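Below, each chain spelled out in residue letters.
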Amino acid sequence: MALKVLSSLDTAKTQLYHFKAIVIAGMGLFTDAYDLFCIPPIMKIIGRVYYESNHPNRQYEVPVALTSIMVAIALLGAAIGQLLFGRLGDLIGRRRVYGLSLFLMVLSSIGCGFSMGTSRRYVLGSLGFFRFVLGLGIGGDYPLSATIMSEFANKNTRGSFIAAVFSMQGLGILASSAVTMVVCSIFAVAHPVPKNKTPESADLAWRLILMIGAIPAGLTFYWRMMMPETARYTALVEHNVLQAVKDMEKVLDVSLSQIAEDSEYPPSPPPSYPLISKPFFRRHGRDLLACATAWFLIDVVFYSTNLVQSQINDRYLPRKENTNVFKEAYSVAKFQAIVAVCSTIPGYWATIYYIDRIGRVKIQIIGFFFMTFAFITIGIPYYFYWYDHTNLGFLFLYGLALFFSNFGPNTTTFIVPAELFPARFRSTCYGISGAVGKVGAIVGAVGFNWASHKDKDEPNR
């Protein structure tokens, strides 16, 4: 027999607290996207500040090895964070570790801006350390945010609510671009410089951009700490139904008589078997493998679009020798904002609208199909056509791939693990799936970063 408090959660009408939970849970994803998409313009500034005297052919360019390390170290931290916080979420509760992940994000974002020293070695070394810590916080936020939203949502709109949390990434992309453009514009006016000179103030500009990313996350820290534990965890894992009832009465518009139980404990608790056991793998092993594999594959492709974006940058953005440090970073941020508005954000919104209408599997299949079509169309004729013709057709295919990654597997891989597993393993299995995905992200981002630079070194290929 189903518990009244859980039945009430499944059938509850959409209320103000649901939207409040979306904002609170989504702020970690907002910070994730802010950090990811402010790095390209920031690396342009760092290249100008610390690599101004490089070889003429590589002037202002951060070495590919260092760029790869900066990308990989944050993703490695995210993979570890997914595993660590995912397991802690099941062992001691979602709420108890939820604030810690956000605290790590705020602290490390500020730390990135205060990267120690002025020499290249010390600044980039400390930046790498704080990006690893930032990755831990971001990784920890994934399983906790998705699981908490899944356990607060009702049955009919659960997919849309979790997708709405994930869509906060789109706002994070816009925020990172807007902040970068505003900061660069202010510094360009305050410190006008010729195109071949980099002012000392540029070293302050990139630090400021990184630190501003901590503000939205910091503003939601109090509300995270005030959130109650989810009723599903309290009732099904801790077997404290009375406390679950009290918590839900505080946040949802339901009366105590509607959700109060005749007994404090579930009449028939679920069978107890450990995570690493034959019963677990027999019941959930195939689902876990499917979630992890899908997440790995999408992240290889999603993070490898740096190769495609660099080709677009070379075609449509001003050449580095014809502009100054602030204008170059401004142009990269502006391009990212345009791409987000035209393809990325509409993909998120389409998923929010359709996820509970046509289902997760269909959206994932549709997304993978059109992404495959777009990347095959780009990849097969790349060297004998697209390499020298980065035109509107190329931009359309690139935008199509980004739209269907978000109206497709990039969003569904975030949603499905939060719904598929039982409450006592939910956060752990989510963390395992996400960690495997981040391994794919490392493969895609680092591998294609090296491939794109090798491609530049062999222009006549």
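Colleague: Is there a simple way to think about the overall build of the protein chain in this case?
Modeller: Broken down by element type, the protein chain carries 21 helices and zero strands. Here the protein chain holds 461 residues, and 56% of them are scored as buried. Summarising the internal contacts of the protein chain: among those between residues at least 6 apart in sequence, 84% fall at separations of at least 24. Counting every atom, the protein chain has about 20,200 Å² of accessible surface; 67% of that belongs to carbon and sulfur.

Colleague: Got a minute to help me understand the packing of helix H2 (residues 16–50) against helix H6 (residues 158–190) in this structure?
Modeller: Helix-helix packing: each pair is described by the crossing angle between the helix axes and the interaxial distance. Orientation of H2 relative to H6, taken along the N-to-C sense of each, is 40 degrees, at an axis distance of 6 Å. Between H2 and H6, the angle is such that the two are oblique. Along this stretch, H2 crosses H6, giving a crossing that reads as right-handed. Of the residues assigned to the contact of H2 with H6, the class counts are 22 nonpolar, six polar and one charged.

Colleague: Help me understand the confidence of the model for the protein chain in this model?
Modeller: Regions with low pLDDT carry predicted coordinates that are not meant to be interpreted in detail. In this model, the protein chain carries a mean pLDDT of 84, and residues with pLDDT of at least 70 account for 87%. Mean pLDDT per element in the protein chain: helix H12 (residues 256–259) is the minimum at 54, and helix H19 (residues 409–415) is the maximum at 94.

Colleague: Looking at this structure, how should I read a nonpolar patch on the surface?
Modeller: A contiguous nonpolar surface patch, about 280 Å² in accessible area, is contributed by Leu100, Phe103 and Leu107. Tracing the backbone through its elements, the reader meets Phe103 in helix H4 (residues 94–113).

Colleague: Looking at this structure, how should I read the packing of aromatic side chains?
Modeller: Given two aromatic rings, one states the distance between the centres and the angle between the planes to describe the pair. Taken as a whole and judged by the stated rule, the model has 22 aromatic pairs. With 5.2 Å between their ring centres and 70 degrees between their planes, Phe129 and Phe130 make a pair best called edge-to-face. Take Phe130: its relative accessible area is 22%, and that puts it in the partly exposed class. Between Phe404 and Phe407, the aromatic rings sit 6.2 Å apart at their centres with planes inclined by 45 degrees, giving tilted as the arrangement. Assigned by exposure class, Phe404 and Phe407 land together as buried. Three or more aromatic residues link up through ring pairs in this structure, and these residues are Tyr353, Tyr354, Phe369, Phe370, Phe403, Phe404 and Phe407. Across from the ring centre of Tyr98, 3.8 Å away, lies the NZ or CZ of Arg224, which sits over that ring. When the ring centre of Tyr142 is taken as origin, the NZ or CZ atom of Lys438, which lies over that ring, is 4.6 Å away.

Colleague: I keep staring at the packing of H2 against H4 and nothing clicks. Help me out?
Modeller: Taken N-terminus to C-terminus, the directions of H2 and H4 make an angle of 35 degrees; their axes are 11 Å apart at the nearest point. Every pair of crossing elements has a handedness; the one defined by H2 and H4 is left-handed. Of the residues in H4, those in contact with Ile24, Ala25, Gly28 and Thr31 of H2 are Tyr98, Met105 and Ser109. For the contact of H2 with H4, the residue count by class is four nonpolar, three polar and no charged.

Colleague: Help me understand the pattern of salt bridges, please; the structure alone is not making it clear to me.
Modeller: Pairing between side chains of opposite charge can happen when their charged atoms approach one another. In total, this model carries 12 salt bridges according to the counting rule given. As a salt-bridge pair, Glu419 and Arg360 come within 2.6 Å of each other at their nearest N and O atoms. Of this pair, Glu419 sits in helix H20 (residues 417–420) while Arg360 sits in helix H16 (residues 360–379); the two residues are 59 residues apart in sequence, bridging distant segments of the chain.

Colleague: What is the right way to read the side chain of Ser405 from this model?
Modeller: With respect to the helices and strands, Ser405 occurs in helix H18 (residues 392–406). In this structure the side chain of Ser405 is engaged in a polar contact, spanning 2.7 Å, whose partner is the backbone oxygen of Leu402. If we ignore the near neighbours within four places in the chain, the residues touching Ser405 are Ile298, Phe302, Met371, Asn410 and Thr411.

Colleague: Even after reading the chapter, I still don't get unusual backbone geometry, so can you show me in this structure?
Modeller: Residues apart from glycine generally show negative phi values, whereas peptide bonds are mostly found in trans. Despite not being glycine, His239 shows a phi value in the positive range, around 55 degrees. With respect to the helices and strands, the residue His239 is situated in the loop between helix H10 (231–236) and helix H11 (241–251). Judged by relative accessible area, which is 26%, His239 ranks as partly exposed.

Colleague: Would you mind showing me how to read the state of the cysteines here?
Modeller: Two cysteines, two sulfur atoms, one covalent bond between them: this is a disulfide. Taken as a whole, this structure holds zero disulfides when the rule is applied. Of all cysteine sulfurs in the structure, the one in Cys38 sits closest to Cys112, which takes part in no disulfide; the separation is 8.5 Å.

Colleague: Where do I start with the nonpolar core in this structure?
Modeller: Side chains of a nonpolar character, in soluble globular proteins, are inclined to be buried together. If you look at the biggest cluster of nonpolar residues, it comprises 93 residues, and the most contacted ones within it are Ile46, Met149, Trp206 and Phe414. Top element by residues in this core is H2. It accounts for 16 residues. Within the second largest apolar cluster, eight residues are counted, among which are Leu275, Phe280, Cys291 and Phe425.

Colleague: What's the story with H18 in this structure? I'm lost.
Modeller: An α-helix turns once every 3.6 residues. As a result, residues three or four positions apart point the same way. With 15 residues, H18 extends 21 Å from end C-alpha to end C-alpha; this agrees with the ideal 21 Å at 1.5 Å per step. All of the buried residues along H18 are Phe394, Leu397, Tyr398, Gly399, Leu400, Ala401, Leu402, Phe404, Ser405 and Asn406.

Colleague: What is the right way to look at the environment of Ile186 in this model?
Modeller: Relative to the elements of secondary structure, Ile186 occurs in helix H6. Exposure remark for Ile186: the relative accessible area of 51% places this residue in the exposed category. Along the sequence, Ile186 and Ala205 sit 19 residues apart, while their C-alpha atoms lie 9.5 Å from each other.

Colleague: Sorry, what's going on with helix H5 (residues 120–152) here?
Modeller: Here H5 is 33 residues long and its end C-alpha atoms lie 47 Å apart, about the 48 Å a rise of 1.5 Å per residue gives. Along H5, the largest kink reaches about 25 degrees and is centred on Asp141; proline Pro143 follows within four residues of it.

Colleague: Quick question: what am I supposed to make of the environment of His18 here?
Modeller: Among the secondary structure elements, His18 is positioned in helix H2. When residues no more than four places from it in sequence are discounted, the contact partners of His18 are Lys13, Met149, Phe152, Ala153, Asn154, Phe161 and Leu252. Within the structure, the side chain of His18 is placed 3.0 Å from the backbone nitrogen of Gln15, a separation counted as a polar contact. Here the side chain of His18 touches Phe152 through a polar contact of 3.4 Å, landing on its backbone oxygen.

Analysis parameters
- Residues numbered from 1 in each chain as written.
- Predicted model: local features only at pLDDT ≥ 70, side-chain atom pairs only at ≥ 80, totals over all residues.
- Heavy atoms only, no water.
- Helix = DSSP H or I, 4+ residues; strand = E, 2+ residues; numbered from the N terminus.
- Buried < 20%, exposed > 50% of the residue type's maximum accessible area, 1.4 Å probe, protein only.
- Contact = heavy atoms within 4.5 Å.
- Areas by Shrake-Rupley, 256 points an atom, 1.4 Å probe, with all protein chains shown as cover.
- Axes fitted to C-alpha atoms, helices over the stretch in contact; angles between N-to-C directions.
- Parallel < 35°, antiparallel > 145°, perpendicular 65-115°, else oblique.
- Left-handed = near helix turned anticlockwise from the far one by under 90°.
- Nonpolar A, V, L, I, M, F, W, Y, C, P; charged D, E, K, R; others polar.
- pLDDT = per-residue confidence, 0-100.
- Patch = residues over 30% accessible without salt bridge, like charges linked within 9 Å, V, L, I, M, F, W, Y side chains within 5 Å.
- Salt bridge = Lys/Arg side-chain N within 4 Å of Asp/Glu carboxyl O.
- Phe/Tyr/Trp six-rings, centres within 6.5 Å; stacked < 30°, edge-to-face > 60°.
- Lys NZ or Arg CZ within 6 Å of the ring centre and 35° of its normal.
- Polar contact = N/O pair within 3.5 Å; in protein donor to acceptor, adjacent residues only side chain to side chain.
- Disulfide = S-S within 2.5 Å.
- Core = buried A, V, L, I, M, F, W, Y, C linked by side-chain atoms within 4.5 Å.
- Expected span 1.5 Å × (residues − 1).
- Bend = angle between axes of the 7 residues up to and from the residue.

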